[in-house]
Amino acid sequence: MKGLRCFIALTCVAAAVGCKPPGPPPSAVQGTIFIRQQVCDIDDFKKAFLKPGLLKSQGFTAYGISRDLQDPKTYILAFQCSDLEKAVDYIRSSSFHIACVGAGLGLPLMWAGVDVKLGRGTPAKSTGGGLVVVRYEFRDYGAWEKSFEADNRWIFHAGNESLYRLSGNPDSVIVAYETPDPRAILDQLDSHDFQNAQEASGVIRRETWSGITLEKGTF
């Protein structure tokens, strides 16, 4: 968590001291980017965007592609990054949107989080395996963190949940579950018991993405 506080502080300071001589660059912060996006042709997207040498040079280390459970034309793309800020800047400045959809479809939704806890995940080719990504907003991160660590109602598949602190928003986190059965995770999220756990921990808003994992790889 110390690295996260340093990252936030450096971001704030950079905006305030633009007229001063540049100092040493801030240390790269590891993180993960999740994008929910309509894609016209996933094979065309992979040819246009998943270029290992280029992406590695821009701070990307691994990727995952999942098809949305509700909309087969929508995908959840996960990118692990050795330099989160650099990777986010690249996606924003590149032809990512054109590579995904061309013209006429919606803009991508992107969540970028600093790595706090990484789970062991599921095998890349698990039959029927999937991904559930949940963004939580709450009144106080410290209170929520204590609940997350102490209340076993938050743990659906021990070791398979990963936690990220949302970049630029100290009272939001992303929790990602890699699971053989994403629908079972969705059922647990909507259960009365878990709703009570959320309320007790101070959650005020929740948004959920879910998909069937098609492919994983490294750069």
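Residues numbered from 1 in each chain as written. Predicted model: local features only at pLDDT ≥ 70, side-chain atom pairs only at ≥ 80, totals over all residues. Heavy atoms only, no water.

Further remarks concern the packing of aromatic side chains. All told, the structure shown has 17 aromatic pairs when counted by the stated rule. Measuring from ring centre to ring centre gives 6.2 Å for F49 and Y90, while their planes differ by 35°; the resulting arrangement is tilted. Here F49 is found in helix α2 (residues 42-49), whereas its partner Y90 is found in helix α4 (residues 84-93), with 41 residues between them in sequence. Take F49 and Y90: they sit in the same class, and that class is buried. Where Y136 meets W154, the ring centres are 5.2 Å apart and the plane angle is 70°; that geometry is what we call edge-to-face. In this pair, Y136 sits in strand β5 (residues 130-138) while W154 sits in the loop between α6 (141-150) and β6 (161-166), placing the two residues 18 residues apart along the sequence. Each member of the aromatic cluster is reached from another via a ring pair, and the members are Y136, F138, Y141, W144, F148, W154 and F194. Its end group placed over the ring of Y141, R165 keeps NZ or CZ at 3.5 Å from the ring centre. (Phe/Tyr/Trp six-rings, centres within 6.5 Å; stacked < 30°, edge-to-face > 60°. Helix = DSSP H or I, 4+ residues; strand = E, 2+ residues; numbered from the N terminus. Buried < 20%, exposed > 50% of the residue type's maximum accessible area, 1.4 Å probe, protein only. Lys NZ or Arg CZ within 6 Å of the ring centre and 35° of its normal.)

This next bit is on the sheet that holds strand β7 (residues 172-179). Strand order in the closed barrel formed by eight strands is β1-β3-β2-β8-β5-β7-β6-β4, and the pairing between neighbours is antiparallel. Between one strand axis and the next, the sheet turns through 35° on average, direction left out of account. Where strand β4 (residues 109-117) lies against β6, four bridges are found, and the strand directions are antiparallel. Note on β6: the bridge partner recorded for D115 is Y164. Along the sheet, α2 contacts β2 (60-68), β3 (74-81) and β8 (203-218); its crossing angle with β3, the most-contacted strand, is approximately 25°. (Pairing = 2+ DSSP bridges. Axes fitted to C-alpha atoms, helices over the stretch in contact; angles between N-to-C directions. Contact = heavy atoms within 4.5 Å.)

Among the structural elements, S201 can be located in helix α8 (residues 192-201). By relative accessible area, S201 is classed as buried at 5%. One polar contact links the side chain of S201 to the main-chain carbonyl oxygen of Q198, over a distance of 2.9 Å. When near neighbours in sequence (up to four residues on either side) are disregarded, S201 contacts A143, W144, S147 and W154. (Polar contact = N/O pair within 3.5 Å; in protein donor to acceptor, adjacent residues only side chain to side chain.)

With that out of the way, let us pick up the pairing of β2. Along β2, seven of the nine residues are buried, which leaves the element largely enclosed by surrounding structure. In this structure, β2 lies alongside β3, joined through seven bridges in antiparallel fashion. Residue G64 lies in a different strand from β3, and its bridge partner there is A78. Here β2 folds back onto β3, and the loop between the two strands holds five residues. Sheet analysis places β2 next to β8, joined by seven bridges and oriented antiparallel.

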